[in-house]
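Fold and geometry: a report
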Amino acid sequence: MTLSPARVPVAAPGVRRLTATLYGYAFLDEFVLLYPVYALLFADTGLSVGQMSSLFVLWSATGVLLEVPSGAWADAVSRRLLLWLGPLLGAAGFALWVLVPSYWAFAAGFVLWGARGALGSGALEALVHEELERLGAADRYARIMGRAQAAGQVAVMTAMALAGPVFAAYGYPAVGAASVLACLLCAATATRFPEHRGPETAVPDGEGWAATLRAGLGEARRDRSVRGALLLVPAVAAVWGALDEYTPLLARDTGATDATIPYLLVMIWAGVTAGSLLAGPAEHLGRRGFAALLTASALALAAGAGAGTPAGLALVAVAFGGFQLATVLADARLQQRIEGTGRATLTSVAGLGTELATITVYGTYAQLASTATHGTAFALLAVPCLLVALLVALRR
């Protein structure tokens, strides 16, 4: 085991630079005005629902295929390189959408968008954790990453609020231009990330990404605690992450008007943001405390969704906040257990597991919602979360 570096004050310039860059990067990464209107762009271009669904599958498939190789690449070369390259790919994809709107342009854009997400997944967590560890502030990882995710969620809500008036005044070109600009600023911000690869985290000369992939997976095979933390991330994140896509339909099922639904969605996102901000105070939750958090969140989800009223969505917001908090804590526990050179690789493996589990939840939801209400489907999908909580409580 390597000795921890000497602890430095939390207000050290290095920590301030890292966190300021991280929060700016997280905000700009999600400040995309196209998010709330791209489905309208597809429909106005003449795409059918089947064609739109094929684009979403292509998007997910790109992420699945590139998730782990990109993590290994980040361990073999530079995490910062991937963090500024990814937003440039996103900018190119969004530019294609608004300049030459067509099915094949949308498909190319989703491939670029999927690659963008894969390049950042794993690389960001690994860079932040190792820089904090170098500065003697690794114990602040959960708090800092929680705040970064909160910054991203605030960006989403801000983009939702601005997209309407910008689109009404200037149409898709303006919304697309703003999205491309946000990506370019995100890439510029990424170049300011510090990156110091010490001898314990650097890849030996002459070894490529395949070697880092083997090293990372080898650590998971050897260390039971790493395997457990690796499995916990998708187990916690997949269900509520998939259900988020269906919250507008859940809100409509409660009888809320279309004009009211955006405000209900902002309430739910506010709950998610609150969960992110609670990561610092909750980072020392033990095993039973973590299980209790999952249990309370699952029960709130079932009760809120099953109520069938707009007021019940407040409980859904509480549930999503709890699940977001659990997701941040699960990632923090994974980072604490990784000791070798494959940090980004293993984090990407967790991301791959989350992607695959999320796709499974999509299919399950489609089956449930075809024979029951959206509220019932949400409530039934709280059951896997209760099972995860039980396994966490019983695990030694």
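Residues numbered from 1 in each chain as written. Predicted model: local features only at pLDDT ≥ 70, side-chain atom pairs only at ≥ 80, totals over all residues. Heavy atoms only, no water.

1. A short note on the overall build of the protein
Tallying secondary structure elements over the protein gives 17 helices and zero strands in all. For the protein, with 396 residues in total, the buried portion stands at 50%. A separation threshold of at least 6 residues defines the contact pool for the protein, and within that pool the share at least 24 residues apart is 83%. With an accessible surface of roughly 17100 Å², the protein has 67% of that area assigned to carbon and sulfur atoms. (Helix = DSSP H or I, 4+ residues; strand = E, 2+ residues; numbered from the N terminus. Buried < 20%, exposed > 50% of the residue type's maximum accessible area, 1.4 Å probe, protein only. Contact = heavy atoms within 4.5 Å. Areas by Shrake-Rupley, 256 points an atom, 1.4 Å probe, with all protein chains shown as cover.)

2. Considerations on the packing of helix H6 (residues 123–134) against helix H7 (residues 141–190)
It is at 10 Å that the axes of H6 and H7 come closest, and there the two elements cross at 140 degrees. The angle between H6 and H7 falls in the class oblique. Of the two possible hands of crossing, H6 and H7 adopt the one that is right-handed. The segment H6 lies against H7, with Glu125, Val128, His129 and Leu132 engaging Tyr141, Ile144 and Met145. Each residue belonging to the contact of H6 with H7 can be placed in one class, and the counts come to five nonpolar, one polar and one charged. (Axes fitted to C-alpha atoms, helices over the stretch in contact; angles between N-to-C directions. Parallel < 35°, antiparallel > 145°, perpendicular 65-115°, else oblique. Left-handed = near helix turned anticlockwise from the far one by under 90°. Nonpolar A, V, L, I, M, F, W, Y, C, P; charged D, E, K, R; others polar.)

3. Considerations on the confidence of the model for the protein
Of all residues in the protein, 88% have pLDDT values of 70 or greater, and the mean over the chain is 84. Here residues 1–10 is modelled with pLDDT under 50, and outside its nearest four sequence neighbours on either side it reaches 14 contacts, counting other chains as well. (pLDDT = per-residue confidence, 0-100.)

4. Quick word on the packing of aromatic side chains
What the rule picks out here adds up to 24 aromatic pairs. Their ring planes at 50 degrees and their centres at 5.5 Å tell us that Tyr38 and Phe42 sit as a pair that is tilted. Remark: Phe42 and Tyr38 occur in helix H2 (residues 38–45); sequence separation between them is four residues, near one turn of the helix. When sorted by exposure, Tyr38 lands in the same class as Phe42, which is buried. Taking the centre distance of 5.8 Å and the plane angle of 50 degrees together, the rings of Tyr38 and Trp97 count as tilted. One end of the pair, Tyr38, is in helix H2; the other, Trp97, is in helix H4 (residues 79–99), and 59 residues separate them in sequence. Both residues of the pair, Tyr38 and Trp97, belong to the buried class. Through successive ring pairs, a cluster of aromatic residues spans Tyr35, Tyr38, Phe42, Trp59, Phe94, Trp97, Phe106, Phe110 and Trp113. (Phe/Tyr/Trp six-rings, centres within 6.5 Å; stacked < 30°, edge-to-face > 60°.)

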